[in-house]
Amino acid sequence: MEDSNKKEQSGSTHKIGIYLWIWGLLFVLSFFSYLVDWYQFQGMLRWSLILFFMFLKAGLIMAFFMHLYWERYALVNVLLWPMTAIVCFICLMIAEGKYTLFSRLFYFFVGG
Amino acid sequence: MSDEYENKSGYQAQSSETIHAQSSEAITGGGSGITPDMDYVRPAELPEQDLYHPHSFIEKWVFCQDAKVIGVQYFLTAVFTGVVGLILSWLMRLQLGFPGLAGFITAEHYYQFVTMHGMIMVVYFLTALFLGGFGNYLIPLMVGARDMVFPYVNMLSFWMFFVAVVVLMASFFVPGGPTGAGWTLYPPQTILEGTPGHGWGILLMLISLSLFVIGFTMGGLNYMITILQARTRGMTLMRMPLTVWGIFTATVLAMLAFPALLVSSIMMTLDKLLGTSFFMPTILKAGEVLEYGGGSPILFQHLFWFFGHPEVYIVALPAFGIVSDLISVHARKNIFGYRMMVWAIVGIGALSFFVWAHHMYVSGMNPWFGFFFASTTLIIAVPTAMKVYNWILTLWRGNIRINTVMLWCLGFIVTFVNGGITGIFLGNVSVDVPLSDTYFVVAHFHMVMGIAPLMVIMGAIYHWFPLVAGKMLDEKLGKWHFWITFLGAYSIYFPMHYLGFIGVPRRYYEMYDSPYMTSGVGLNEFISTAAFIVGAAQLFLVFNIIKTMKTGKKAEQNPWKANSLEWYTSTVPPEHGNFGDRLPVVHRWPYDYNVPGAEQDYLPQTAAPSEVAHTEVEKT
Amino acid sequence: MSDPKIEGFELEKGFKGMAQDTGSDQTMFKGVHWGKAMMWIFLLSDTFVFSCFLIAYMKGRASTPEEWPNPSEVFALDAFGVPVPLLLIALMTFVLITSSGTMALAVKYGYERNRKMCGYLILATALGGLTFVGMQAYEWSKLIHEGVRPWENPFGAAQFGSFFFMITGFHGTHVSIGVIFLFIYCYKVFAGHYDEGKRGWFTKMKGDYVEVEILGLYWHFVDLVWVFIFAFFYLW
């Protein structure tokens, strides 16, 4: 099917440098998130650092390795909007998890 | 090798050469004295799809890559499972209406019938029928494509579904029988002793569901990419028939909702097989603590309904879309508020991911969730109500033809409104709590996602049968079929609301001497009798099809004078490749009926503006 | 990547471009290969699968009253007699990111129709994936040796073992499927199937280097999921 315009396409690929840069960045970020564990940060600091590095890495992989940064905006939107359902699911399950723990402790250990 | 792929018209996909436009006036001939520009349609972006034409009987009818044949295969398989589901419902009604009359139905059997009836009807019948059956047949025809974009994957999709059905049916014959845990399969009782089919039955059910999800994913990718990337020239998204919009949105929902079902199936399979405790809390049984412990049953409910609620709309949205088209064609009037209808479909689809826990008000979840889910549930009623208004306004002052198809559509509107209103009862927490697990709920969901979509399916069969088989179904038999089904269905489900109000619980094998039954006995007998009659009345359709195939009159090219592309194929029924030498070029939406100034009361989507320059047609 | 240009269609930036795309006829993603669009939508669906797994894990972990094992001790590895936390996991991450990088380069060389480089890079990616699966097998056997089972574990809540084996197992299955396809594509690239547009064995579709990009998307997705598993399973 869409195998037209192949010739024009060659040469329009991205420079090799950008991939190497992202590659290096991913190693550095992975190393940092490893350091979070190494130094045994705890509490909110650990949480926010883990999430920060995680989203940064995920963003870099999506944007550059998967070329989402260069893709058309329609595709980006189609891919990212459904995530709101997942975000909603996560938020509600956080509340639900806490409530389940509460009711377990309340009814089984405290005795109601 | 290359002759296998030759296109009929001989324009093989040329690589490394820009595709040049055939401007549309070259095709339509153009109007004299009118600016040729007004007929301009952007040139083709893609080369012709190269189709693999079958060489043998098996490639043509069994492992076929033609979406139309796959659609019929899906349809027939789904109808087969539907008949099984219907027989199960008869057996249930036999027990409920006349307890003890059929001695072979034990309580265990009854639970198994309930479970299998629910699962078969929701997943294997309605979902497969609408998306697999109608989707495969209609999408390529309606958007003007030669076939689905990945015909081979499409074939795999059907056969995966077929295997899923075989596995499901096999569970009737394994030791212990099929699972009897209710179609929602709530743990922990689903996989514990005491529930019928807790061994092989539930295992086969879970495997079958997983296979169904995998098979459906392959099909769903096809539907989505065909609609997004393989439309014909001039076919914008806002010129697609609402049928395609409904099927498309339902497919999107399915692609995003079925993962939750897959995940919960896998986790429950592990609970069953490996003894993990994802969903299994600590359980005391006959004074002994079981090996399970620490799991969360409510997690399963969340996962299941995160799939389960979109599933309701996976069934409903294609029905909405199809009925819009049928009403417009048979009322000879454009659909009222087309864009509103599209956005309503999309809006319902998006919202359906945020309402799932309204099925769980009495489950013991976080009590604050009631606020959130009651609000979102009532919000989703807004686009739904908009659609109902638009159907009625489409009918208003239309040139309505009261034929069988229209009767089914009217029946749909009535049953859907009925079921929708009871839905508002159940969406509110305080009203839902006393009504939970009563026959009111059974009446509600059968009205809204059982009978209503079924009415659309029947209407669609009468509408598109001339296209698929080339013969017109008999009107007289069709009307008998409709009236018995419609009145009978009301006789079944309307009294159930009353049973629910007096508190009769659902899923009970027998009411014995409970106080509910003083006024309910006669009603139950009445409901059961009606159920037997409605089920048997479906034989009208079978008989009608047999009679039509033998002696029916041959259908003309476009018997309903419709506008959408499926009626403008090169042959009836359409052959592989659908449109002969040239793909159609689309100039308008499919709802130009009774345009002032036009010679006929309909303008096909392919009619160029220059041909109808003297009419008062609006630009769409 | 750069999709083929469509004659007479200039894409504008941002929302305007999106409106152009959605409002036009024939295709919504102009010039995007059917298979590539399909892979994106499939990955979206697969994202929901993994999200559901991880949400279930979160809910399960948040609601257990028992002690949750400390991952940095459970997954520690002795290096020269000193226990180093998460050593194996760090190596696995390193290997997977490396293979993702080689895959990205393979896609680039594929589009430049550099058959040799593309093939070798795909081979490197496949070997990286194989190493990853091997390391995961080692990790599993080590944990099983220590007494961790899907239904119990000596360190605390039983759900730890259940979720761990299920989710890493599901991810490992994805990696293994990817490795199989990488080897197949490696063969096809070296054999020149994409240069001459040879038909696929089953699908009978014409081969093209865009298939390398499609496989690349899948492989990067596997890497992406690992980023989340790494954060939620090993660091949290």
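Residues numbered from 1 in each chain as written. Chains lettered and ligands numbered in written order. Predicted model: local features only at pLDDT ≥ 70, side-chain atom pairs only at ≥ 80, totals over all residues.

What follows covers the overall build of chain B. Each helix and strand counted, chain B has 16 helices and two strands in total. On C-alpha atoms alone, chain B measures out to a radius of gyration of 26 Å, which is about the 25 Å that the 2.2 N^0.38 rule sets for 620 residues. Seen along its three principal axes, the alpha-carbon backbone of chain B occupies a region of about 90 × 55 × 55 Å. Looking at chain B alone, contacts between residues at least 24 apart form 79% of all its contacts between residues at least 6 apart. (Helix = DSSP H or I, 4+ residues; strand = E, 2+ residues; numbered from the N terminus. Rg over C-alpha atoms; globule rule 2.2 N^0.38 Å. Contact = placed C-beta atoms within 7 Å.)

Residue and element names in this part refer to chain B. Under the domain assignment, chain B is made up of domain 1 (62-232), domain 2 (241-280 + 291-376), domain 3 (402-555) and domain 4 (562-620). Elements with a minimum of two residues in the side of domain 1 that touches domain 2: α4 (107-143) and α6 (200-229). The leading source of residues in the side of domain 1 that touches domain 2 is α6, at twelve residues. Residues belonging to the side of domain 1 that touches domain 2 are distributed by class as follows: 22 nonpolar, six polar and no charged. (Domains from an automatic or database assignment. Nonpolar A, V, L, I, M, F, W, Y, C, P; charged D, E, K, R; others polar.)

To continue, consider the confidence of the model for chain A. With 88% of its residues at a pLDDT of 70 or more, chain A has an overall mean of 84. Segment residues 1-11 of chain A: pLDDT under 50, and 32 contacts once partners within four positions in sequence are set aside and those in other chains are kept. (pLDDT = per-residue confidence, 0-100.)

All names here are of chain B. Here helix α8 (residues 297-330) crosses helix α10 (residues 369-395) at 15°, and the two axes come no closer than 10 Å. Judged by the angle between their axes, α8 and α10 are roughly parallel. The hand of the α8/α10 crossing is left-handed. Of α10, the residues touching α8 (which contributes Phe320, Ser324, Ile327 and Ser328) are Lys387, Trp391, Thr394 and Leu395. (Axes fitted to C-alpha atoms, helices over the stretch in contact; angles between N-to-C directions. Parallel < 35°, antiparallel > 145°, perpendicular 65-115°, else oblique. Left-handed = near helix turned anticlockwise from the far one by under 90°.)

Take the interface of chain A and chain C next. Counting from both sides, the interface comprises 51 residues of chain A and, opposite them, 51 residues of chain C. Breaking the side of chain A that touches chain C down by element, the ones donating at least two residues are α1 (6-9), α2 (16-38), α3 (43-65), α4 (73-80) and α5 (83-110) of chain A. Here the side of chain A that touches chain C gets twelve residues from one element, more than from any other, and that element is α5(A). Here the side of chain A that touches chain C is composed, by residue class, of 29 nonpolar, 13 polar and nine charged.

Residue and element names in this part refer to chain B. For the peptide bond that leads from Pro187 to Pro188, omega is 0°, which places it in the cis range. Within the secondary structure, Pro188 sits in the loop between α5 (151-170) and α6. Val572 connects to Pro573 through a cis peptide bond whose omega is -10°. Position of Pro573 relative to the elements: it lies in the segment after α16 (539-551). Within the chain, Asp437 stands out as a residue other than glycine whose phi angle is a positive 55°.

Another point: α4(A). Turning to α4(A), its buried residues number three or more, namely A:Ala74, A:Leu75 and A:Val78. Down the axis of α4(A), the sector holding all buried residues measures 95°, keeping them to one side. For α4(A), the elements touching its buried residues are α1 (14-23) and α2 (34-62) of chain C. (Buried ≥ 20, exposed ≤ 12 C-beta atoms within 10 Å, placed from the backbone. Arc of directions from axis to C-beta.)

Turning our attention to the nonpolar core. With 285 residues, the main nonpolar core has B:Val263 and C:Ala56 as its most contacted residues. For this core, the element with the highest residue contribution is α4(B), accounting for 24 residues. Contact partners of C:Ala56, with chain neighbours within four places excluded, come to B:Val263, B:Met267, B:Phe278, B:Leu299 and B:Leu303. (Core = buried A, V, L, I, M, F, W, Y, C linked by C-beta atoms within 7 Å.)

What follows deals with α8(B). Residues and elements named next belong to chain B. Here α8 spans 49 Å end to end across 34 residues, near enough to the 50 Å set by a 1.5 Å rise per residue. The largest bend in α8 is about 30°, located at Trp305. In terms of residue burial, α8 counts as a mostly covered element, since 33 of its 34 residues are buried. (Expected span 1.5 Å × (residues − 1). Bend = angle between axes of the 7 residues up to and from the residue.)

So, on to the packing of helix α3 (residues 67-97) of chain B against α5(B). All names here are of chain B. Where α3 contacts α5, the axes come no closer than 10 Å and their chain directions differ by 10°. When the axes of α3 and α5 are compared, the pair comes out roughly parallel. Mapping the contact onto sequence places Ala67, Ile70, Gln73, Tyr74, Thr77 and Thr81 in α3 and Asn154, Met155, Phe158, Phe161, Phe162 and Val165 in α5. Tallied by class, the residues present in the contact of α3 with α5 amount to eight nonpolar, four polar and no charged.

Here the focus is the confidence of the model for chain B. Residues and elements named next belong to chain B. Looking at chain B as a whole, its pLDDT mean stands at 89, while 94% of the residues score no less than 70. Every residue in residues 1-33 scores below 50 in pLDDT, and together they form 52 contacts with partners more than four places removed in sequence or on other chains. Overall fold confidence for the complex sits at a pTM of 0.92, while the interface term, ipTM, reaches 0.94.

As a further point, take the environment of B:Val114. Residue and element names in this part refer to chain B. You can see Val114 is positioned in helix α4. Sequence spacing of Val114 and Gly219 is 105 residues, and the spatial spacing of their C-alpha atoms is 29 Å. The contacts of Val114, once residues within four sequence positions are left out, are Met92, Gly182 and Arg507.

Moving on, we come to the environment of B:Lys60. By the secondary structure assignment, B:Lys60 is in helix α2 (residues 57-62). Expressed as a C-alpha distance, the spacing of B:Lys60 and B:Asn222, which sit 162 residues apart in the sequence, is 20 Å.

Residue and element names in this part refer to chain C. With respect to the helices and strands, the residue Val95 is situated in helix α4 (residues 87-111). On the basis of neighbour counts, which here come to 19 C-beta atoms within 10 Å, the residue Val95 falls in the partly exposed class. Sequence spacing of Val95 and Ala126 is 31 residues, and the spatial spacing of their C-alpha atoms is 11 Å.

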